Amino acid sequence: MHGASSLVNAGRGDLVDQEALCEGLDAGHLAGAALDVTTPEPLPEGSRLWSTRNLVVTPHVGGFFHLPVTREYVVRIALDNVARYRDGRPLRNVVAR
């Protein structure tokens with residue numbers, strides 16, 4: 001049975017047992033997860049989090065944007081990437097693992 005719950009952590013990386021999260025996602029106990037914070041940061045290239053299905057890892061920028069220009073820039077990139085994804089074009093600013 002697949003889980004209907006999702007987990008989002010934008011607080012502190014050590015609040016989530018990352019290995020247990022990967023196991024829960026792989027077993028289908030959770031529908032998905034998003035982590036804006038991890039332990040450690042930056043997340044090492046070989047971390048299991050990078051290869052776990054239904055898990056989104058963001059580069060610790062999911063919080064409030066203090067400068068309006070930053071918010072405008074991020075929204076512009078996100079909207080452009082949505083259009084690129086829809087059209088099957090390469091995305092901008094992909095985080096390499």
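Predicted model, so just to flag it, every value in this text is computed and none were measured.

Rules used in this analysis
- Residues numbered from 1 in each chain as written.
- Predicted model: local features only at pLDDT ≥ 70, side-chain atom pairs only at ≥ 80, totals over all residues.
- Heavy atoms only, no water.
- Helix = DSSP H or I, 4+ residues; strand = E, 2+ residues; numbered from the N terminus.
- Buried < 20%, exposed > 50% of the residue type's maximum accessible area, 1.4 Å probe, protein only.
- Contact = heavy atoms within 4.5 Å.
- Areas by Shrake-Rupley, 256 points an atom, 1.4 Å probe, with all protein chains shown as cover.
- Polar contact = N/O pair within 3.5 Å; in protein donor to acceptor, adjacent residues only side chain to side chain.
- Salt bridge = Lys/Arg side-chain N within 4 Å of Asp/Glu carboxyl O.
- pLDDT = per-residue confidence, 0-100.
- Pairing = 2+ DSSP bridges.
- Right-handed = clockwise from strand over helix to strand, strands pointing away.

For the rest of this paragraph, the subject is the overall build of the chain. Scanning the chain for helices and strands turns up 2 helices and 3 strands. In the chain, the succession of helices and strands from N to C terminus is β-α-β-β-α. Burial statistics for the chain: of 97 residues in total, 27% are counted as buried. Sequence-distant contacts, at least 24 apart, represent 50% of the contacts inside the chain between residues at least 6 apart. Total accessible area on the chain stands at roughly 7,100 Å², and carbon and sulfur atoms take up 59% of it.

Further remarks concern the environment of T39. Examined against the element boundaries, T39 turns out to sit in the loop between strand 2 (32-35) and strand 3 (55-57). Counting along the chain gives 26 residues from T39 to G13, while the straight-line C-alpha distance between them is 4.9 Å. Beyond its immediate sequence surroundings of up to four residues, T39 is in contact with G13, D14 and Q18. Only 3.5 Å separates the side chain of T39 from the backbone oxygen of G13, close enough to count as a polar contact. In terms of polar contacts, T39 uses its side chain to reach the backbone amide nitrogen of D14, at 3.1 Å.

The full count for this structure, using the stated rule, is 6 salt bridges. Two residues, R48 and D26, come together in a salt bridge whose shortest N-O distance is 2.6 Å. Linking R48 in the loop between strand 2 and strand 3 with D26 in helix 1 (residues 18-26), this pair joins segments that are 22 residues apart in sequence. A salt bridge links R84 to D80; the nearest nitrogen and oxygen atoms lie 2.8 Å apart. Placement of both R84 and D80 in helix 2 (residues 68-87) is noted, with a separation of 4 residues, approximately one turn of the helix.

What follows is about the environment of G24. Among the secondary structure elements, G24 is positioned in helix 1. Its relative accessible area of 12% is what places G24 among the buried residues. With residues up to four places along the chain from it excluded, the contact list for G24 reads H29 and L30.

Model confidence for the chain is summarised by a mean pLDDT of 87, while 87% of its residues fall at 70 or above. Ranking the helices and strands of the chain by mean pLDDT puts helix 1 first, with 96, and helix 2 last, with 88.

Summarising the sheet, strand 1 (residues 6-9) and strand 2 pair through 4 bridges and their orientation is parallel. When the sheet's bridge partners are listed, V8 is paired in strand 2 with A34. Where the polypeptide runs from strand 1 across helix 1 and back to strand 2, its parallel neighbour, the crossover connection is right-handed.

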